[in-house]
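# Observations on the three-dimensional arrangement
One letter stands for each residue in the lines below.
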Amino acid sequence: MLKEQLEIILITYNRKACLEKTLNAVLAESSPVKDLQITVLDNASTDGTSEYLQNISAQKPNLKHIRNNKNIGPNANIAKIFEIASKPYFWPLCDDDAYDFSSFGEAEQAIKDGADLIIVNTELTKGDYSFPNMYRLLTFLPAAIYKTANITPTTLININNNIPNWFPHLAAVAHVINNGGKISAVSSDIVKRKGENDKPESNKKQDLGSITLPSINMIMPGMPPSQKYKFLEAGYYKSCELIENPSKRAQAVEACRPGVPFWRQIAGFITWNNVGCNNYLNNYADLKSVLNRKQKFIFNLMYFRSYFSGISYYLRRKKKQKEYDCLRHKFLSNEGKDA
Amino acid sequence: MLKNTLEIILITYNRKPNLEKTFKRLLAEDSPVKDLQITVLDNCSTDGTSEYLSDLSKKYKNINHIRHNRNIGGNANIARAFEIATKPYLWILADDDDFDFTDFNQVQEALLNENPALLIVAPRGQNLTLPELLRNITFLPSVIFSSALLTEETMLNIHINIPNWYPHLPPIIKAFNEEGKIITLKKDFVLINPKSDSYNIFKKLRGVFPEAKNLFTHAAYLNTISLLKPSLRKDAAENFQACKYGFFKQAFYYFKQNAVENENCLRNVISPMPYFTFSQKLRWCLAYFVFCADYIIRYRRFKKKINSYKQKYKQI
């Protein structure tokens, strides 16, 4: 019975319209998922989602509503998923995606075969789920079904320590990679990052498919600078350190932007660090601890290039600063236009 | 009434004899604390504490027992305590400390009459300057927090600070930054147990995130100080170790300890630098050069120290 094997855990905060759409899709009559146990982790929302969820949980017995006492942030909420899971397999979901359950039977088959990771969305890498691209793929949280036997105490500690790095769930993925687990995938996507009617501007998601500006929604004035100036790529590089095998780690680092040569990725990182983050030193320290010898050599070359390219560097930097400020202004002004 | 203003949250993992002692102290007839609401966050212990606590919670109505599904680690448990708080004031206790409840009226009067943002209950000294006070407050049961400090920002900062060893420092730093009312009492109500083992657990675990393994307490302290205002940060960083030496010597001993305990981790050297003033940065770099020269000349002696440390704490 699938009911005893798989459960779903959902995260929300102040997105009532999106949540209604997802629950309608998940609890529809034609979905194979409507009888599973669904727990919703509600991060103390204030726009009416709590009452809505209480009404639904009274009607449907398989829906459980847990409301956190206070808003702990999205990353800590993701870490809570891994603490709560009880059945042999669990599938974490977000509240702003679209669903297509046509190939769900393959996932059921993979669960019966005893896979450690079942990949359910290959949108970010266009169908490729082999090792280095898989790590980038799984920055998107609903892209995989996880096995609870893989959540040992050390992985939970790693997940909790990875909270500042934007992708705490990559610690569970790294555990599977380090210990050689079985990974299987589904032929067509079950989850989709955006539906047909979503605008591209409202796609402010916490994965490596969207714009790599510092995550503007989460910046508050009282935050420590180590978090203000850490953008999604920096968080990705830091969580690559969880992979123990050095050659695999190097591959995962280079897969941050597939198809782009490594020196160009590093040059982009350095310009973003100078322009958007006021030349924050810790981003360099974090990158350096992750890189290979060869990659460190390239890094040093590009770093010195940014300083020795003379006056043109400072002029280019001023231009980029203006572009960055315009983009940031656009981002912030579109906040109220979510679906 | 103290019952409606203060609540206690206890954090345990696999320490049954110590826990029994603390509860004897807390629930004795003399103690002024036996009627308050006490919640115990049990981090999925395996040595019988869960059964002991469920029996206790049936006997006493003011004790609430919460057992997590899995062991989330000590620091995340502290962050969970902040999330659960409901009453105006919050006191977090560990399970291996001694208490001294004579003259507890001072605490009661301070909380009910003066409404402070922070009440420091174990300052371990008198007439302390800011850096000394901050260092002493890193001991978790020595502060009573007001829940007005726990805004969205501070909750985020608490969870960001889980890998840095002090997740309870952001609300304290907020009180210092905004110059809220901070009252320090003249007596220690909680006494440290010098034999506590909680800081060495990470070194024994295999497979733990290298950043967490190689980050030691002084580096974590400097990272959390980044939240302070620049004027206060200057003073706090000058004296980040508990000794009477100047900044240069403190930095030198820091690098020595880094080489022995953390395999000369470069991140520990670079990560505090953005938060220093210019003169501190200069002294830091000079101390690092002097240390490198010392290390190269006396490599053999350092190697002996490193090997003896590894035999003690790491699995080889």
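Before going into details, it helps to say that this report is about the structure given with it. (Residues numbered from 1 in each chain as written. Chains lettered and ligands numbered in written order. Predicted model: local features only at pLDDT ≥ 70, side-chain atom pairs only at ≥ 80, totals over all residues. Heavy atoms only, no water.)

## Concerning the pattern of salt bridges
Residues and elements named next belong to chain B. One pass over the structure, following the stated rule, counts 17 salt bridges over all chains. We note a salt bridge from Asp96 to Arg15, for which the minimum N-O separation is 3.0 Å. Placement of Asp96 in the loop between β4 (89-93) and β5 (98-99) and of Arg15 in the loop between β1 (6-12) and α2 (16-26) is noted, with a sequence separation of 81 residues between them. Assessed through its relative accessible area of 12%, Asp96 is described here as buried. (Salt bridge = Lys/Arg side-chain N within 4 Å of Asp/Glu carboxyl O. Helix = DSSP H or I, 4+ residues; strand = E, 2+ residues; numbered from the N terminus. Buried < 20%, exposed > 50% of the residue type's maximum accessible area, 1.4 Å probe, protein only.)

## Focus on the sheet that holds strand β6 (residues 118-120) of chain B
Residues and elements named next belong to chain B. Read from one edge of the open sheet, seven strands run β3-β2-β1-β4-β7-β6-β8, paired in mixed fashion. The sheet terminates laterally at β3 (63-67) and β8 (182-184), the two strands that pair on one side only. Across this sheet, the average inter-strand angle for adjacent strands is 20°, counted without regard to direction. Taken together, the three bridges between β6 and β8 define a ladder with parallel strand orientation. Residue Leu118 lies in a different strand from β8, and its bridge partner there is Ile182. Lying on the sheet, helix α5 (residues 105-114) is in contact with β1, β4, β6, β7 (143-146) and β8; it crosses β6 at an angle near 165°. (Pairing = 2+ DSSP bridges. Axes fitted to C-alpha atoms, helices over the stretch in contact; angles between N-to-C directions. Contact = heavy atoms within 4.5 Å.)

## Some details on the side chain of B:Thr154
Of note, B:Thr154 is situated in helix α7 (residues 152-160). Apart from residues lying up to four places away in sequence, B:Thr154 is in contact with B:Leu149, B:Pro170, B:Pro171 and B:Lys174.

## Concerning the pairing of β4(B)
Residues and elements named next belong to chain B. Among the five residues in β4, five count as buried, and that is most of the element. Where β1 meets β4, five bridges bridge the pair, whose relative direction is parallel. Residue pairing across strands places Leu6 opposite Tyr89, the latter belonging to β4. Judged from the three bridges that link them, β4 and β7 form a sheet pairing that is antiparallel. What sits directly across from Tyr89, in β7, is Ser146.

## Quick word on the packing of helix α15 (residues 278-297) of chain B against helix α16 (residues 299-313) of chain B
The angle between the axes and the distance between the axes are what describe a pair of packed helices. All names here are of chain B. Interhelical geometry of α15 versus α16 gives an angle of 90° and a closest axis separation of 5 Å. On the basis of the axis angle, α15 is roughly perpendicular to α16. Residue-level inspection shows Phe291, Asp294, Tyr295, Ile296 and Ile297 of α15 in contact with α16, the latter providing Tyr299, Phe302 and Ile306. A class-by-class count of the residues in the contact of α15 with α16 yields seven nonpolar, no polar and one charged. (Parallel < 35°, antiparallel > 145°, perpendicular 65-115°, else oblique. Nonpolar A, V, L, I, M, F, W, Y, C, P; charged D, E, K, R; others polar.)

## Quick word on the pairing of strand β3 (residues 63-67) of chain A
All names here are of chain A. Relative to β3, strand β2 (residues 37-42) runs parallel, the two being bridged by five bridges. Bridge pairing in β3 places Thr39 opposite Lys64. Note that the unit made of β2, helix α3 (residues 49-59) and β3 has a crossover that is right-handed. (Right-handed = clockwise from strand over helix to strand, strands pointing away.)

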